[in-house]
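Here's the letter readout for the chains.
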Amino acid sequence: MTPATDSPDPHAILHAWLSGAYTRPDGQQVLGRAWDEDTRYRYGLVLAGIDAPAGWQRDWFTYIGDLVWHFEPLHIQDWATRLTNLDGSLMAAASRGRAVSAVRSFYAHCEQDLGSARWNLPPRRALAGPTPPAERDQLTAHQTDALRTAADRYRGPHPERARLALYMTLAGLRPGQSITLVLQHVQRHDASGPTWRLPAKNHSTSAVTTPRPIPRPVVWALDEYLPVRTHKAPHSTETTGPLLLSRTGRGLDRVTFPRLLRDVAATHPDLEGIARTLLPDIVAHSPSPFADDGRDRQD
């Protein structure tokens, strides 16, 4: 298969596409879809390894190499079967399906918007295989209690931040919500009690939920963290920017957040067996030790 253009740079096309603006072959500037941060991260990682940790090379562009414009459906099928998570474990069927969808969407963009030749790709199911209904992994109540204890006793780097991050996850926040929550949407002194406007799942960062009460234990963790929050201009200030910050004043990223959770879990003897592969989503979907503290799960 030969694209209409002469060996264009797939990385440049991807970056322009995910930025929401690109140029058609006739020179027309196009404002495309408004990508939310979660989708940009997932597509960039799967297609080009953007923001991947060192050593992870399972992205499509690395796999396909010089055949990026001359591949066959069998290449996608083979790539999908080899996909791993960032920690090296084999990717689940549902995640493989989403990865194949990212590849199909990229080439659909090349066909429809850039005038490239048509690849006539089979449906996602044919490329990734059937996706069985997945049982949602959860921690036991004993394990979530142990994780809370580990967060309370943690004495590693930035313990107040680690405790708040763990408490937010135990309260049901998905990692993308914890990372993108901004300080401006936390009302500590609301007349009806502390509330927050959480980022809506799978939407742009400007989409937030209605004010919801913050579980009381999370408020305690928040009060301990705010005085030592490492805000630094221009990325953040004392009253603005992401709530959870790195030492540079930037928000935590999607690689650091699960690593932080695992570091805390590894300090508890009852969690040593699962700490290395523990995922924030599993914690967020598990029974919360804050269930009797006004918690509002984000399921």
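In this text, all values refer to a predicted model and were calculated from it rather than measured experimentally.

*Asks:* Could you clarify how one ought to interpret the pattern of salt bridges in this entry?
*Replies:* Opposite charge on two side chains permits them to pair, given that their charged atoms come into close proximity. If you walk through the whole model with that rule in mind, you get seven salt bridges. The salt bridge partner of Arg 163 is Asp 152, with a shortest N-O separation of 2.9 Å. Linking Arg 163 in helix H8 (residues 159-170) with Asp 152 in helix H7 (residues 141-153), this pair joins segments that are eleven residues apart in sequence. By relative accessible area, which is 13% here, Arg 163 ends up buried. Of the residues examined, Asp 152 reaches a relative accessible area of 34% and is grouped as partly exposed. For Arg 188, the salt bridge is made with Asp 223, and the minimal N-O distance between the two is 2.7 Å. One end of the pair, Arg 188, is in the loop between strand E3 (186-187) and strand E4 (195-196); the other, Asp 223, is in helix H10 (residues 216-225), and 35 residues separate them in sequence. Overall, Arg 188 belongs to the partly exposed group, its relative accessible area being 24%.

*Asks:* Even after reading the chapter, I still don't get the confidence of the model for the protein, so can you show me in this structure?
*Replies:* Interpretation of this model should avoid reading the predicted coordinates in detail wherever pLDDT is low. Averaged over all residues, the pLDDT of the protein equals 87, while 90% of them reach at least 70. Here strand E2 (residues 29-31) is the element of the protein with the lowest mean pLDDT, 81, and H8 is the one with the highest, 97. Low pLDDT (under 50) marks residues 1-5, which in the prediction has 16 contacts with non-local residues, meaning those over four places away or in another chain. The low-confidence segment residues 294-299, where pLDDT is below 50, has 28 contacts with residues more than four positions distant or belonging to other chains.

*Asks:* What should I look at first to understand the environment of Thr 39 in this one?
*Replies:* You can see Thr 39 is positioned in helix H2 (residues 37-48). Its relative accessible area of 11% is what places Thr 39 among the buried residues. Considering only alpha carbons, one finds Thr 39 and Leu 18, 21 residues apart in sequence, at a separation of 8.7 Å.

*Asks:* When you look at the environment of Gly 172 in this model, what are you seeing that I'm missing?
*Replies:* Secondary-structure assignment places Gly 172 in the loop between H8 and helix H9 (175-180). Overall, the relative accessible area of 2% leaves Gly 172 in the buried class. For the pair Gly 172 and Ser 288, spaced 116 residues apart in the sequence, the C-alpha separation amounts to 7.4 Å.

*Asks:* Even after reading the chapter, I still don't get the packing of aromatic side chains, so can you show me in this structure?
*Replies:* One pair of aromatic rings is described through two measures. These are the centre distance and the angle between the planes. Tallying each qualifying case throughout the model produces 17 aromatic pairs. On the numbers, 5.5 Å between centres and 90° between planes, the contact of Trp 60 with Phe 71 is edge-to-face. Of this pair, Trp 60 sits in helix H3 (residues 60-64) while Phe 71 sits in the loop between H3 and helix H4 (73-82), placing them eleven residues apart in sequence. Assigned by exposure class, Trp 60 and Phe 71 land together as buried. An aromatic cluster is built from Trp 17, Trp 35, Tyr 43, Trp 60, Phe 61, Tyr 63, Trp 69, Phe 71, Trp 79, Phe 106, Tyr 107 and Trp 119, whose rings are joined through pairwise contacts.

*Asks:* I'm lost on helix H5 (residues 93-114) in this one. Help?
*Replies:* One turn of an α-helix holds 3.6 residues; hence residues three or four places apart share an orientation. Taking 1.5 Å per residue, 22 residues should reach 32 Å; H5 reaches 31 Å between its end C-alpha atoms and fits that length. Residue Gly 115 follows H5 closely and has a positive phi angle near 75°.

*Asks:* What exactly am I supposed to notice about the sheet that holds strand E5 (residues 212-213) here?
*Replies:* Strands pair in a sheet through their backbones, by hydrogen bonds, and they do so in one of two ways: parallel or antiparallel. Strand order in this open sheet of three strands is E3-E4-E5, and the pairing throughout is antiparallel. Looking along the sheet, the strands with just one partner apiece sit at the ends: E3 and E5. Alignment of E4 against E5, held across two bridges, turns out to be antiparallel. Within E5, the position partnered with Trp 196 by the bridge is Arg 212.

*Asks:* What am I meant to see in the packing of H7 against H8 here?
*Replies:* For any two helices packed against each other, one specifies the crossing angle of their axes together with the interaxial distance. Running from amino to carboxyl end, H7 crosses H8 at an angle of 160°, the nearest separation of the two axes being 9 Å. Compared by their axis directions, H7 and H8 come out roughly antiparallel. Like other packed secondary-structure pairs, H7 and H8 cross with a definite hand, here left-handed. Each of Thr 144, Leu 147, Arg 148, Ala 151 and Asp 152 in H7 lies in contact with H8, whose residues at this interface are Arg 163, Leu 166, Tyr 167 and Leu 170. Looking at side-chain class alone, the contact of H7 with H8 contains five nonpolar, one polar and three charged residues.

*Asks:* What should I look at first to understand the packing of H2 against H5 in this one?
*Replies:* It is the contact of H2 with H5, at a shortest axis distance of 9 Å, that shows an interaxial angle of 85°. Considered as vectors, H2 and H5 are oriented roughly perpendicular to each other. Facing Arg 42, Tyr 43, Val 46 and Leu 47 of H2, the residues of H5 in contact are Arg 98, Ala 99, Ser 101, Ala 102, Val 103, Ser 105 and Phe 106. Class assignment for the residues of the contact of H2 with H5 results in seven nonpolar, two polar and two charged.

*Asks:* Any chance you could explain the layout of surface pockets here in plain terms?
*Replies:* The method is simple in principle: a probe with the dimensions of a water molecule rolls over the atoms, and the space it marks as empty is what remains. Roughly 420 Å³ of internal volume is contained in the second largest pocket. Lining the second largest pocket we find 18 residues, and of these Tyr 41, Ile 50, Asp 51, Asp 253 and Arg 254 sit closest to its centre. Elements supplying a minimum of two residues to the lining of the second largest pocket: helix H1 (10-19), H2, H9 and helix H11 (256-265). With five residues, the top contributor of residues to the lining of the second largest pocket is H2.

About the cut-offs
Residues numbered from 1 in each chain as written. Predicted model: local features only at pLDDT ≥ 70, side-chain atom pairs only at ≥ 80, totals over all residues. Heavy atoms only, no water. Salt bridge = Lys/Arg side-chain N within 4 Å of Asp/Glu carboxyl O. Helix = DSSP H or I, 4+ residues; strand = E, 2+ residues; numbered from the N terminus. Buried < 20%, exposed > 50% of the residue type's maximum accessible area, 1.4 Å probe, protein only. pLDDT = per-residue confidence, 0-100. Contact = heavy atoms within 4.5 Å. Phe/Tyr/Trp six-rings, centres within 6.5 Å; stacked < 30°, edge-to-face > 60°. Expected span 1.5 Å × (residues − 1). Pairing = 2+ DSSP bridges. Axes fitted to C-alpha atoms, helices over the stretch in contact; angles between N-to-C directions. Parallel < 35°, antiparallel > 145°, perpendicular 65-115°, else oblique. Left-handed = near helix turned anticlockwise from the far one by under 90°. Nonpolar A, V, L, I, M, F, W, Y, C, P; charged D, E, K, R; others polar. 1 Å grid on protein atoms, 1.4 Å probe; cavity = no way out; pocket = protein on both sides within 12 Å on 5 of 7 lines; lining within 4 Å. Points joined across faces, edges and corners; volume = space filled by probe spheres on them.

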